[in-house]
Amino acid sequence: MELMQFKLLFGLTAADLWGSLNLVMLTWLLMACFPRWKWTPTLTLVTPIFHSFIYAGSILSIILFPADDASGSMDFGSLEGVVATSQDPNTVFAGWVHYIAFDALVGRMMLLDSLKRGASIKFHVLVMIPCLFFTLMLGPVGFLSYMGLRSVFLPSKDLATIGYDVL
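### Considerations on the pattern of salt bridges
Part 1: Tallied over the full model, the rule gives 2 salt bridges.
Part 2: Here R117 and D113 are joined by a salt bridge, their closest N and O atoms 3.1 Å apart. Note on accessibility: R117 and D113 belong to one class, buried.
Part 3: With a closest N to O distance of 2.6 Å, D113 and R150 form a salt bridge. You can see D113 sitting in helix α6 (residues 89–116) and its partner R150 sitting in helix α8 (residues 140–153), a full 37 residues away along the chain.
Part 4: One salt-bridge network, in which partners are shared between bridges, spans D113, R117 and R150.

### Remarks on the environment of T42
Part 1: In this structure, T42 sits in helix α3 (residues 40–43).
Part 2: Residue classification places T42 among the partly exposed residues on the basis of a relative accessible area of 46%.
Part 3: Separated by 83 residues in sequence, T42 and V125 place their C-alpha atoms 21 Å apart.

Reading guide: rules and limits
Residues numbered from 1 in each chain as written. Predicted model: local features only at pLDDT ≥ 70, side-chain atom pairs only at ≥ 80, totals over all residues. Heavy atoms only, no water. Salt bridge = Lys/Arg side-chain N within 4 Å of Asp/Glu carboxyl O. Buried < 20%, exposed > 50% of the residue type's maximum accessible area, 1.4 Å probe, protein only. Helix = DSSP H or I, 4+ residues; strand = E, 2+ residues; numbered from the N terminus.

Structural data, given as structure tokens:
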């Protein structure tokens with residue numbers, strides 16, 4: 001199967017858009033190196049929002065304007081269906097965009113939560129940067145690591161800080 005032109009993304013292909021995915025590294029750099037800068041909470045939303053538009057445009061193009069050789073539907077109800085869906089490079093691209101946008105948002109939530117709980121610079125360097133790295137590379141492993149470590153080192157007695165209200 002070949003790369004399709006995403007009609008909702010001005011006819012660009014996954015190959016055309018691939019380089020723009022590296023922009024997400026700016027979000028991770030801000031979170032790791034400038035966690036307390038006043039613009040970090042705002043600027044760390046820029047690339048996830050940008051990539052969310054790319055995701056929406058690509059996945060909707062795949063669904064609304066399927067390629068002639070496409071099987072017709074995406075099946076996420078079985079392992080076999082997911083494997084078959086992941087044989088299409090266009091769907092793999094959309095899935096990758098989904099991962100990078102979502103992982104960056106999870107990392108942002110973790111960072112803002114740690115700051116709200118009063119994390120020190122030492123905590124940021126020793127705990128947050130590794131947790132952010134694991135979130136970037138392994139998604140749920142970084143999130144789970146942060147949730148476990150924050151319960152030990154950044155406990156909160158205020159129930160208002162225990163949710164996801166930092167988004």
